Amino acid sequence: SSDQRSLLLTKTGFRDLASTNMSELQMGLVAAASLATPPIDAPGLAESLLDRVLPLTSHGTPQVRLKAVALVHHLCAEQPHLWEDRGGSSLLRSLSDQSPGVVSAALQAVASLAREEEAEVAMAAALHLLQQLEDGKMPQDFHYRGHTAPFLRIHLARLFRRLHASVDAKEVWSAKVG
């Protein structure tokens, strides 16, 4: 039956998330996103997944941290209360990761889910990342058609936009003219 299949998938996913084998662990992180997405999603499943994935955001392997950050982003986007409970603080910490890929994934999540006060906290890491972009210190993987990290720049702009949600154009215009 469908319920038994879902239970089997969930148990397999949880086992993979606890594995010490990198391949199994990474497959578990990728598959877990499907578990927490309707119609498979069961009550409490996202919370349980988040509990298992949060420690992986500080794993020793950058690929695992990257997939863990992406999964936390997915879980928090599907169920926003998870961002406020625990997910947001974990992703804010990931902004200072040593791996540019992990930082990029965390920035994407923070730029789309953070409230204004969280965006302010993220600004130091975002400005450091922007400085690395401007100084050409990003790995070759971040270059696209002659541009350095264009998608990362978009996420930075989204984060900056969260700081001051409303700007009165009349005030800006009158300050420049008058």
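Residues numbered from 1 in each chain as written. Predicted model: local features only at pLDDT ≥ 70, side-chain atom pairs only at ≥ 80, totals over all residues. Heavy atoms only, no water.

1. Some words on the overall build of the protein
Assigned secondary structure in the protein consists of nine helices and two strands. Counting from the amino terminus, the protein carries its helices and strands in the arrangement α-α-α-α-α-α-α-β-β-α-α. Considering the protein as a whole, with its 178 residues, one finds that 38% of them fall into the buried category. A separation threshold of at least 6 residues defines the contact pool for the protein, and within that pool the share at least 24 residues apart is 63%. When the accessible surface of the protein is totalled, it reaches about 10,400 Å², and 55% of it is carbon and sulfur. (Helix = DSSP H or I, 4+ residues; strand = E, 2+ residues; numbered from the N terminus. Buried < 20%, exposed > 50% of the residue type's maximum accessible area, 1.4 Å probe, protein only. Contact = heavy atoms within 4.5 Å. Areas by Shrake-Rupley, 256 points an atom, 1.4 Å probe, with all protein chains shown as cover.)

2. Things to note about the confidence of the model for the protein
Caution applies to low-pLDDT parts of the model: their predicted coordinates are not meant to be read in detail. Mean pLDDT for the protein: 85, with 89% of residues reaching 70 or above. Ranking the elements of the protein by mean pLDDT puts helix H9 (residues 169-177) last, at 56, and helix H4 (residues 62-78) first, at 94. (pLDDT = per-residue confidence, 0-100.)

3. As for the nonpolar core
Counting residues in hydrophobic clusters, the biggest one holds 48 residues, and the most contacted among them are Leu-17, Leu-29, Leu-49, Leu-75, Val-110, Leu-152 and Leu-159. Taken together, the elements giving at least two residues each to this core come down to helix H1 (2-17), helix H2 (22-35), helix H3 (45-53), H4, helix H5 (81-94), helix H6 (100-113), helix H7 (116-134) and helix H8 (150-163). Counting residues per element, this core draws most heavily on H6, which supplies eight residues. Once residues lying within four places of it in the same chain are set aside, the contact partners of Leu-17 are Leu-25, Gly-28, Leu-29, Ala-32, Leu-49, Arg-52, Val-53 and Leu-56. (Core = buried A, V, L, I, M, F, W, Y, C linked by side-chain atoms within 4.5 Å.)

4. Here we look at the packing of H1 against H3
H3 packs onto H1 with a crossing angle of 15 degrees between their chain directions and a minimal axis gap of 10 Å. Classified by the interaxial angle, the pair formed by H1 and H3 is roughly parallel. Once H1 is placed against H3, the crossing between them reads as left-handed. Seen from H1, the contacting residues are Thr-10, Phe-14 and Leu-17; seen from H3, they are Leu-45, Ser-48, Leu-49, Arg-52 and Val-53. Of the residues that constitute the contact of H1 with H3, the class distribution is five nonpolar, two polar and one charged. (Axes fitted to C-alpha atoms, helices over the stretch in contact; angles between N-to-C directions. Parallel < 35°, antiparallel > 145°, perpendicular 65-115°, else oblique. Left-handed = near helix turned anticlockwise from the far one by under 90°. Nonpolar A, V, L, I, M, F, W, Y, C, P; charged D, E, K, R; others polar.)

5. Some remarks on H5
A rise of 1.5 Å per residue sets the reference length of H5, with its 14 residues, at 20 Å; its end C-alpha atoms lie 19 Å apart and thus fit the reference within 8%. Buried within H5 we find Leu-82, Trp-83, Gly-87, Gly-88, Ser-90, Leu-91, Leu-92 and Ser-94. On its buried face, H5 sits against H3, H4, H6 and H7. (Expected span 1.5 Å × (residues − 1).)

6. A closer look at the packing of aromatic side chains
In the structure shown here, the tally under the stated rule is one aromatic pair. Ring plane angle 50 degrees and centroid distance 5.9 Å describe the contact between Tyr-144 and Phe-151, whose orientation is recorded as tilted. Seen from the ring of Phe-14, Arg-52 lies directly overhead, with NZ or CZ sitting 3.9 Å from the centre. (Phe/Tyr/Trp six-rings, centres within 6.5 Å; stacked < 30°, edge-to-face > 60°. Lys NZ or Arg CZ within 6 Å of the ring centre and 35° of its normal.)

7. Here we look at the environment of Cys-76
When you line up the elements, Cys-76 lands in helix H4. With relative accessibility at 1%, the residue Cys-76 sits in the buried group. Expressed as a C-alpha distance, the spacing of Cys-76 and Gly-88, which sit twelve residues apart in the sequence, is 8.0 Å. The residues touching Cys-76, leaving out its near neighbours within four places in the chain, are Leu-82, Trp-83, Gly-87 and Leu-113.

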